[in-house]
Every structure is written in structure tokens, then in C-alpha cells.
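# Coordinate inspection notes
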Protein chains: 2
Amino acid sequence: MPGLTALWGRAICQRCWKLQRPSARLLTSLTGETDRFNGVTVDVEQVSESLHDKEFHNLLKNSLQKWKAEEISAAWLKIPIQYGRFIPVAAKFGFQFHHAEQNSCLLKLWMKEGGEDKTPRFATHQVGVAGFVFREDTQSVLVVKDRKSKFSYWKFAGGLSDLGEDIGDTAVREVFEETGVRTKFQSVMTVRQQHNQPGAFGRSDFFFVCRMKPLSYDINACSEEISACQWMNIQELHEGSKSVAPITRRILNLALYGLKEGFHNVDLYAEDMESIYRGLRYKLYHRPYPHIAESK
Amino acid sequence: MPGLTALWGRAICQRCWKLQRPSARLLTSLTGETDRFNGVTVDVEQVSESLHDKEFHNLLKNSLQKWKAEEISAAWLKIPIQYGRFIPVAAKFGFQFHHAEQNSCLLKLWMKEGGEDKTPRFATHQVGVAGFVFREDTQSVLVVKDRKSKFSYWKFAGGLSDLGEDIGDTAVREVFEETGVRTKFQSVMTVRQQHNQPGAFGRSDFFFVCRMKPLSYDINACSEEISACQWMNIQELHEGSKSVAPITRRILNLALYGLKEGFHNVDLYAEDMESIYRGLRYKLYHRPYPHIAESK
């Protein structure tokens, strides 16, 4: 093992004079779990944090030779942030970041020669949700102006979904946080897909507008995010030609059509369903049809 | 500067005896760009890759003191993979991974004391798309069986969206890659949102099913991904009680309703629109209404 010499039965690095844990010397290759795509995933926490770079290099070299012989298709290294100095060591073998969050990152190396990289990439979309909140008694809509936006449009309250949050729940949460108005999810009215949007870190964006039933009416707007908030008559908002963005105008058109001909012409209905993956459930959004309408 | 001593006018580290580039010693703090949320983003490539950890520690310490005095709300470090050994140094100041991909990562430190972290998180969703491809002459649907799935269901061809790809384009691409059949996007039939799905790296999942018009009929299935592929009569598929997942059955119900009463009862219409962000466009999906139907 280059750079290491025995001293009182322990290993010491000749370059940095750090004592190595005996266990680190006993490893000859990294151990990992294989998956059904014939990939192997290694949690780097299995080695000592103080392992010398050169020794990690040798461990990884041996492991890659072994995996190559076993015809492994992809190698994955889960690296805790405090082990970050092993990242450039792995990069020298061709590893790249797959993704990272908080206190760890995942590196990936596609090992099949001549074959296209078949591993799934990390999440491609952020998700925004806004609530179209309509009160029938005054035929008015809840609208806000963003404090930090460079555009001075009236818009529907909303914001980004948290990880693991259903879009209807995002709408309830964001409308309440921004305006103080409590609401109930009714349906999805529209979905927008946009790429290269500012503030999305190079990822794409889905934006859902949900139809929400108000459960309270008093406004208590978030002064940090919102510069103005009010219930505005839907006709008045629709006729103010420059104060709304094209997507808001489109939703107002849809809503006016729904008010005239019935919202069953507009709505995407939501149902909670059981996944084929044991214990998981999902929300399915689509148009109502007679069998479904009857069974509700 | 602890651990460094002058030698022939250059700096040398007493621990690893590496020569430091003179330029690295001249920096007293990192320079970055501020954004409209009062955050600062630093590209770490501005320092030498061979800068000693201890010196990077001091640079970062000075920078954080300066930013604190300037009431900066969040500090971001863009770190190239070959500079990975600076990651644990930054982690000691509380930096965490925000995200990483390929050859660089972004670390983040929320600096406002007592305030909730207001920075947007990285992408939360992967996106899958399948194509419901129906040929009218034989009243049949294009279905496949996945080679690598543990479930032996007939399903519609599809797969994950690439970054920056519209859902309709994903459907065209995936149907062709898996079956060899060329198609044209017509409408969105349904959207599913699911969390904790296997293979999504802890992210959530959107799954869109698009109605596709076949432009060719001959099947040339991808033998690596698909174990079976055929045109199957829609009634026959609908009546096979165990060979499809609940979501597939639901789509068949929707499609049979559409065949009987018209697909205008089922479809979400797609329109290409101009974004408020200069030069950007987006796709908006919603129900058709008379004004829109007329202008098409």
C-alpha cells in the first residue's frame, strides 16, 4: 500500500503523518448493494473519514476492477458531505455527480462499454400551484401582487410545492400563507409546462391552477411576500386589459365559461387511488365521466 | 496564515509541502454576484485548485464575516467536482448541498439569523409520459409489457421526460423508441401525482397519459426494454380483468366514454403561448371552450 508504513501495529501515512484506523487497511475493496438493473451502490461511510486520499484511490481502483469483471452496468457512490475530499478522487475515474442534497451526494459512473447510459436522471421539474378562489356572493376573485416580482400584475395567490406535497394541498397552504384566506381544493383548471424559467436552477417547471372554494373571507396578507391583496369582481379583473398576464386572462376566460355553462365543462376531477406499489397511494386527475360521477 | 511559510517568495504548506500559487495568497475574500433576494453566489473556480484547505478555510471565514456585515441573506458556492476537497471545509461553516449534477455542485448557507430559510429548493419531480395510441380501423390500442418490471401488466408505451422536453414530445419519442410506431400528440387525458415512488431518488413523480394519433402501424419493439408489444382490441383489453393496472383500466374507461360521447368530453387541449419572460414560450393544457375552439 504506497505511502503507508506499519508503526506499532497501526498504519501511518508518510505524507501527512495521520494515523489510519486499522480497519481502513483491512479493506481491499468497497462493498455495495446491487439492484435489478445490475448497478452497485456503495455507501462511502463504510470507510474511515480520515482514510488517506491515496488509499481511497486504491480501494476504488480495486473495486472498479472487480465490478468490471462482474459486468456491473453502473457504479454509484453515496458520499456524506464531510467525506467530500473523496469526490475529486472518484472524479479521476470518471465519476460525475448524479445529485446532492443537504448532507450527502450521489456520484455515478456508467460502466458498460459502448452502451448508452440507461440510468434515470434526477428530478427535472419544480412545481408551482396557484389557487383560483371565487366567492359567489360578490362574484369576486382573490388576487394579489407579488412584492418581489418585476412585473406589476394582479395574479392568483400561490407558490412552489414542497417535496411530497399534493398540488391541492400546496394550493390550500400557499393561499393561506399569502392571503390569510382558508380554502378547500375543488378541481384542477389548467397545467402549464415551461422550461428555462428564471429561479428554477436550470430545471423545468409545471404550474397548476386549482379551483378553490373559500372557507373564510377576511384578508390578512403576508407583508413580506405580497404588496397588495383583495377580492376583485371577476368582470372588472377581466376587463382591465393590462393588469394581468396572458395565463391569468386565459383562466378568467375558462372561469367565465364555467360560470355560464357549468364548471363540469372546465374541471379536472381528482381521485385518491391505490398504487401497484404496496402501501403507496396516488392522486389521479382527469375529466369526470358518467360512471365516476355516479359513484361519487 | 497558519501552516504556510514564505519560501523563495512563494508559499509552501508545512503539512503537505505543496507549493501554493502566488495568486491564491493575494485573495483576502471570495468575490460573488448578488441577486434580487440579497443572496451572493461565488464560483469557486476563481481560486486555485491546489489552494491548501486551510487557506480556503480562511478565505471563506473572511468572506462570511464580510457578507454578514453586508446583511447578505444566503451564500451560494458553485464548486467544480475537481475542487471537491473544499466541500467538507465549507460544511464546517454550515454549508449544505443544494444540488449537484455532472461536474459541479452548489452549496448553500442561509445566513439570516432567526429567519426561516426562504431559498427555493431544487426540483421536486420527475416526469413520466405514456401514449394512448388508438387505431380506429381495428378499434385497437398499442400495448407493451416491460421487460424489467416485476409486474406483468399490459400497459401503454412511455418513459421519463428528458430535461427541457414537452410532455407531448416525450410521448412521441418514447412510443417510437419502445414500439417503432410513429405518432402525433393530440391531447392530455390524465395526470397522476405520486410520492415515494421506487426509482425516483426520493423525489415525487408526475405521470401524464397523452392521446396519440398513429402515423404508422408496423411494430418494431425495443427488445432490451420490451418483452411483448401488440395492437390489442380495446374491448378485449378492457375485459381482461387482471392484466392491467388500475390506472390503465381508468384510462380505458375514459377512452370508451370518449369513443361513445366524443373525445371533446375527455381531452385537455394544448396551446403554445408566449411567456412574460422575454423570449420564453410555454405549453398550456386545459379544457377547450367555445372561444378557443372557434379560433383554432
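What you see is a predicted model; the values in this text were computed from it and never measured.

The secondary structure content of chain A amounts to 7 helices and 16 strands. Element-wise, carbon and sulfur atoms account for 48% of the exposed surface of chain A, whose accessible area totals about 14100 Å².

Our focus in this paragraph is the packing of aromatic side chains. Taken as a whole and assessed by the stated rule, the structure comprises 28 aromatic pairs over all chains. Centre to centre, the rings of Tyr289 of chain A and Tyr257 of chain B are 6.0 Å apart; their planes meet at 35°, and the pair counts as tilted. Here the residue Tyr289 of chain A occupies a position in the loop between strand E16 (281-286) and helix H7 (290-295), and Tyr257 of chain B occupies one in helix H6 (residues 246-261), the pair thus bridging two chains. An aromatic cluster of at least three residues, connected via ring pairs, comprises Trp76, Phe122 and Phe201 of chain A together with Trp76, Phe122 and Phe201 of chain B.

Residue and element names in this part refer to chain A. The strand order across the open sheet built from 5 strands is E4-E5-E6-E8-E7, with neighbouring strands paired in mixed fashion. This sheet does not close on itself; its edge strands, each paired only once, are strand E4 (33-34) and strand E7 (96-101). Judged from the 5 bridges that link them, E7 and strand E8 (residues 104-110) form a sheet pairing that is antiparallel. The partner of Gln96 across the bridge, within E8, is Lys108.

A few words on the relation of the copies chain A and chain B. The transformation that overlays chain A on chain B combines an axial shift of 0.0 Å with a rotation of 180°, and the residual RMSD is 0.1 Å. Accordingly, the operation relating the two chain copies is best matched by a two-fold axis. Within chain A, the C-alpha atom positioned nearest to the axis of rotation is that of Arg85 of chain A, 1.9 Å from it. Of all interface residues in chain A, 99% are interface residues in chain B too; the two copies therefore contact each other through one and the same surface.

Another point: the confidence of the model for chain A. Should pLDDT be low for a region, the predicted coordinates there are not to be read in detail. All names here are of chain A. Mean pLDDT over chain A stands at 88; residues scoring 70 or higher make up 89%. Taken as a whole, residues 1-19 scores under 50 in pLDDT and shows 37 contacts with residues more than four places along the chain or in a different chain. Overall fold confidence (pTM) sits at 0.87, and the ipTM for the predicted complex is 0.87.

Residues and elements named next belong to chain A. Considering the arrangement of structural elements, one finds Trp231 in strand E14 (residues 226-233). Looking at Trp231, the relative accessible area reads 17%, which means it is buried. In this structure the C-alpha to C-alpha distance between Trp231 and Ile219, which are 12 residues apart in sequence, comes to 8.7 Å. Residue contacts for Trp231: discarding those within four places in its chain leaves Val133, Arg135, Ser140, Val141, Leu142, Val181, Pro214, Ser216, Tyr217 and Ile219. A distance of 2.9 Å separates the side chain of Trp231 from the backbone oxygen of Tyr217, its partner in a polar contact.

It is worth spelling out the sheet that holds strand E7 (residues 96-101) of chain B at this point. All names here are of chain B. On the basis of which strands lie adjacent, the open sheet formed by 5 strands has the order E4-E5-E6-E8-E7 and mixed pairing. The outermost strands of the open sheet, each flanked by one partner alone, are strand E4 (33-34) and E7. Where E4 and strand E5 (residues 39-43) come together, 2 bridges link them in antiparallel fashion. Across the sheet, the residue bridging to Glu33 is Thr41, located in E5.

Summed over the entire model, instances satisfying the criterion amount to 38 salt bridges over all chains. A salt bridge links Arg173 of chain A to Glu165 of chain A, with the nearest nitrogen and oxygen atoms 2.8 Å apart. Judged by relative accessible area, which is 12%, Glu165 of chain A ranks as buried. Where Asp146 of chain B meets Lys155 of chain B, a salt bridge forms, and the shortest distance between an N and an O atom there is 3.2 Å.

About the criteria used
- Residues numbered from 1 in each chain as written.
- Chains lettered and ligands numbered in written order.
- Predicted model: local features only at pLDDT ≥ 70, side-chain atom pairs only at ≥ 80, totals over all residues.
- Heavy atoms only, no water.
- Helix = DSSP H or I, 4+ residues; strand = E, 2+ residues; numbered from the N terminus.
- Areas by Shrake-Rupley, 256 points an atom, 1.4 Å probe, with all protein chains shown as cover.
- Phe/Tyr/Trp six-rings, centres within 6.5 Å; stacked < 30°, edge-to-face > 60°.
- Pairing = 2+ DSSP bridges.
- Least-squares fit on C-alpha atoms with pLDDT ≥ 70 in both.
- Contact = heavy atoms within 4.5 Å.
- pLDDT = per-residue confidence, 0-100.
- Buried < 20%, exposed > 50% of the residue type's maximum accessible area, 1.4 Å probe, protein only.
- Polar contact = N/O pair within 3.5 Å; in protein donor to acceptor, adjacent residues only side chain to side chain.
- Salt bridge = Lys/Arg side-chain N within 4 Å of Asp/Glu carboxyl O.

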